[in-house]
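Read off the chains here:
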Amino acid sequence: MESCSADKSIKFLLQGVSAPILSQLPPEITRFLHLFRVSAIMGGEKPMKRGELFMEPVKLLALDLDGTLLNSQKELTLRTRDALYAAAGAGVEIVPTTGRFFTGMPEGIQKLPFLHFAITINGAQVYDIREKKAVSTAEIPLETALRVLEYLDGFPVIYDCYQDNWGWMTRSMQENAAAFVPIDHSLRMVRSLRTPVDELKAYLREQNRSVQKLQLFTPDDALRGRLLTDLAAVSY
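Residues numbered from 1 in each chain as written. Predicted model: local features only at pLDDT ≥ 70, side-chain atom pairs only at ≥ 80, totals over all residues. Heavy atoms only, no water.

Asks: Describe the environment of Glu 93, with residues and values.
Replies: Counting through the fold element by element, Glu 93 comes out in strand E2 (residues 93–97). Here Glu 93 falls in the partly exposed class, since its relative accessible area comes to 26%. Once the C-alpha coordinates of Glu 93 and Phe 114 are considered, the two residues, 21 residues apart in sequence, prove to be 8.2 Å apart. (Helix = DSSP H or I, 4+ residues; strand = E, 2+ residues; numbered from the N terminus. Buried < 20%, exposed > 50% of the residue type's maximum accessible area, 1.4 Å probe, protein only.)

Asks: Talk me through the side chain of Gln 215; I want residue IDs and the actual numbers.
Replies: Tracing the backbone through its elements, the reader meets Gln 215 in strand E9 (residues 213–217). Here Lys 213 takes part through its side chain, which lies 3.4 Å from a polar atom of the side chain of Gln 215. (Polar contact = N/O pair within 3.5 Å; in protein donor to acceptor, adjacent residues only side chain to side chain.)

Asks: Quick one: what's the story with the pairing of E2, residue by residue and with numbers?
Replies: Burial within E2 is extensive, with four of its five residues counted as buried. For strand E1 (residues 60–64) and E2, the ladder comprises five bridges, and the chain directions are parallel. Looking across to E2, one finds that Leu 63 is bridged to Pro 96. Handedness of the E1-helix H4 (residues 78–89)-E2 crossover: right-handed. (Pairing = 2+ DSSP bridges. Right-handed = clockwise from strand over helix to strand, strands pointing away.)

Asks: I'd like to hear about the nonpolar core, residue by residue, with values.
Replies: By size, the foremost hydrophobic cluster in this structure holds 30 residues, and its most contacted members are Leu 152, Ile 158, Val 181, Leu 200, Leu 204 and Leu 227. Mapped onto this core, the elements with two or more residues apiece are helix H6 (142–152), strand E6 (158–162), strand E7 (167–170), helix H8 (184–192), helix H9 (200–207), E9 and helix H10 (221–234). The greatest single-element share of this core, amounting to six residues, is contributed by H6. Setting aside residues no more than four positions away along its own chain, Leu 227 makes contact with Tyr 151, Leu 152, Phe 155, Val 157 and Leu 216. Within the second largest apolar cluster, 20 residues are counted, among which are Val 58, Leu 61, Leu 65 and Ala 118. (Core = buried A, V, L, I, M, F, W, Y, C linked by side-chain atoms within 4.5 Å. Contact = heavy atoms within 4.5 Å.)

Asks: Tell me about the sheet that holds E9, and name the residues and values.
Replies: Taken in spatial order, the four strands make up an open sheet running E8-E7-E6-E9, and their pairing is mixed. Both outer strands of the open sheet, strand E8 (194–197) and E9, are each paired with one neighbouring strand and no more. Neighbouring strand axes in the sheet, compared pairwise and without regard to direction, differ in orientation by 30° on average. Sheet topology places E6 next to E9; five bridges connect them, and they run antiparallel. Considered in E9, the bridge of Tyr 159 is made with Leu 216. H6 rests against E6 and E9 of the sheet, and its axis sits at about 5° to E9. Sheet strands touched by H8: E7, E8 and E9. Its angle to E8, the strand with the most contacts, is close to 55°. (Axes fitted to C-alpha atoms, helices over the stretch in contact; angles between N-to-C directions.)

Asks: Tell me what's going on with the pattern of salt bridges, and back it up with residues and numbers.
Replies: Between side chains of opposite charge, pairing is possible as soon as their charged atoms come close. As enumerated under the stated definition, the model contains 11 salt bridges in all. Among the ionic pairs, Asp 164 bridges to Arg 209, the shortest N-O distance being 2.2 Å. Placement of the pair is Asp 164 in the loop between E6 and E7 and Arg 209 in the loop between H9 and E9, with a sequence separation of 45 residues. One continuous salt-bridge network, built from bridges that share partners, spans Asp 66, Lys 74 and Arg 100. (Salt bridge = Lys/Arg side-chain N within 4 Å of Asp/Glu carboxyl O.)

Asks: Tell me about the pairing of strand E4 (residues 125–128), and name the residues and values.
Replies: Two elements, strand E3 (residues 117–120) and E4, share four bridges in a ladder whose sense is antiparallel. Paired with Ile 119 across the strands is Val 126, a residue of E4. Turn length for the E4-strand E5 (residues 133–137) hairpin, with the two strands adjacent in sequence and antiparallel, is four residues, and the turn residue Lys 132 shows positive phi of about 55°.

Next up, the structure:
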């Protein structure tokens, strides 16, 4: 799917939290905040007592988009925007972290002037926004991708892939997407951020390159859970 539930997908790569920064962040961000390290404070190392919490200034915020940084209308609210500007102004590195490719992110996020990096496509790419290039990639080998798609052909699902920072999908699957994608926003993305091809597996064989991401769509939660479990074995 385009995004995971916010409580599982948000990842803050922190060495602690600065109270002034924390106080400005909206609840939809702070309630998912995880401290990866707490330690002694200014003036040198100091032993921690039971129940005490020492916190260093935050250095980086890696923020999921859907359901976390964006509201239910997929908008960046003024309050959240102001909090991001305040954090950036305090020297915090803000890093959008998403299942989307960079140009699939809302324009209002893409154009935030303080952004330097984005973690995109569920970690398949770390994108340098200023240099407009990938600085790290982790892609799926073509043979693995084809094996997964061939396995999915045996079930009532549709699927797509990301390759070269864009979505690709079998035309007939895209045309029938409404029966498999019950969320309106996700359906709009499937229709607008995918290029239809006659048959996806054949297209990928012609391209003869790795893919960045595979996605399956089904309204059947039980089937989705079963397939995700089975695919852990199929993909190896």
